[in-house]
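Here's the letter readout for the chains.
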Amino acid sequence: MSFFPIWAVAGFWGLVSGSALLLGAAIGYFTHIPQRLIAAIMAFGSGVLIATLSLELMEEAYKKGGFDSTGLGFVGGAAVYTLANWLLARYGAKHRKRSGEHQSRERAAVQEGQTEGNETGDDNGMALAIGALLDGIPESIVIGLSMLAGGSVSVVAVVAIFLSNLPEGLSSAAGMRKAGRRPAYVLGLWAGIAVVSGVASLVGYTVFSGFSAEVVAATTAVAAGAVLAMVADTMIPEAFEVAHNFTGLITVVGFLVSFVLSKLGE
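As the structure is a computational prediction, the values presented were derived from the model and not from experiment.

1. Here's the deal with the overall build of the protein
Within the protein one finds eight helices and zero strands. The 266 residues of the protein split such that 48% are buried. Sequence-distant contacts in the protein: of pairs separated by 6 or more residues, those separated by 24 or more amount to 85%. Surface exposure of the protein reaches about 11700 Å², of which carbon and sulfur atoms provide 70%.

2. Notes on the packing of aromatic side chains
Enumeration according to the criterion identifies four aromatic pairs in this entry. Arranged with centres 5.2 Å apart and planes meeting at 70 degrees, the rings of Tyr29 and Phe30 form a pair that is edge-to-face. Since its relative accessible area comes to 10%, Tyr29 is described here as buried. Ring geometry for Phe208 against Phe211: centres 5.6 Å apart, planes inclined by 45 degrees, an arrangement best described as tilted. Residue classification places Phe208 among the buried positions, given a relative accessible area of 17%. Note on Phe211: relative accessible area 44%, which makes it partly exposed.

3. Describing the UniProt feature "transmembrane region" (unreviewed entry) in the protein
Sites flagged by UniProt as "transmembrane region" (unreviewed entry) map to residues 6–30, 37–58, 70–89, 141–164, 184–208, 215–236 and 242–261. Helix makes up 100% of residues 70–89 and strand 0%. Its end C-alpha atoms lie 28 Å apart. Between the C-alpha atoms that bound residues 215–236 there is a distance of 30 Å. The span itself is 100% helix and 0% strand.

4. Thoughts on the packing of helix H2 (residues 35–90) against helix H5 (residues 155–178)
Interaxial distance between H2 and H5 falls to 9 Å at its minimum, and their mutual angle equals 145 degrees. Between H2 and H5 lies a crossing of left-handed hand. Facing Gln35, Ile38, Ile41, Met42, Gly45, Val48, Leu49, Thr52 and Glu56 of H2, the residues of H5 in contact are Val156, Ala160, Leu163, Ser164, Pro167, Glu168, Leu170, Ser171, Ala174 and Lys178. Along the lines of polarity and charge, the residues of the contact of H2 with H5 split into 11 nonpolar, five polar and three charged.

Calculation notes
- Residues numbered from 1 in each chain as written.
- Predicted model: local features only at pLDDT ≥ 70, side-chain atom pairs only at ≥ 80, totals over all residues.
- Heavy atoms only, no water.
- Helix = DSSP H or I, 4+ residues; strand = E, 2+ residues; numbered from the N terminus.
- Buried < 20%, exposed > 50% of the residue type's maximum accessible area, 1.4 Å probe, protein only.
- Contact = heavy atoms within 4.5 Å.
- Areas by Shrake-Rupley, 256 points an atom, 1.4 Å probe, with all protein chains shown as cover.
- Phe/Tyr/Trp six-rings, centres within 6.5 Å; stacked < 30°, edge-to-face > 60°.
- UniProt positions renumbered as here; feature names shortened; annotations may be inferred.
- Axes fitted to C-alpha atoms, helices over the stretch in contact; angles between N-to-C directions.
- Left-handed = near helix turned anticlockwise from the far one by under 90°.
- Nonpolar A, V, L, I, M, F, W, Y, C, P; charged D, E, K, R; others polar.

Here you go:
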């Protein structure tokens, strides 16, 4: 990849990590994986992401910008994500990561005009698409930001995001299938998100390469806060509902895998 400009490399690795969403969606839609296994995979992915934002993102943000930029960015990212997620929930995208019958019931309620933000009976497909973007963009921007220091991608970040994206796509697509979504919609949605992931990673590098260390630190922390809020709001609830008492143990295993990857990358 050294023959290509750095911005193109950033976009490539963002596309690679985002492709796990499409791969997971295809597996989740066309195969019938037990919900307990899906829940376990979600718990594992949650642990991976928590370790990544703790050991990679927050540490890097603190080194570049100190407590002020890091703290404000972290809380700000979580607040923006939470607000956007709350708005999307009103339009029928609350259960977009759920693999069970939640999406089916939610879609029916939206079509009947029973949700608070949608009295017209419109379908919630657009809300689902925006929700998928909301979940995927912060992770992808992180990949671009990781290249600002030395021009090389953080392999740990790419692997961790890939490992966490796989169960996200898998669980969501399984729920979409049960809600009656057509294959073209499901695969088209996640293929589009994969492409946007590449663009977001490219933007993360090109846009912020000219900014100060404090701005980069705050942006990294914003992404970390949004990712943690996403894990707490969408991934862990799905894992706990089915896996119950094993959720904590599986999440710890995911954290450990990411921790080992981070140490091997030093």
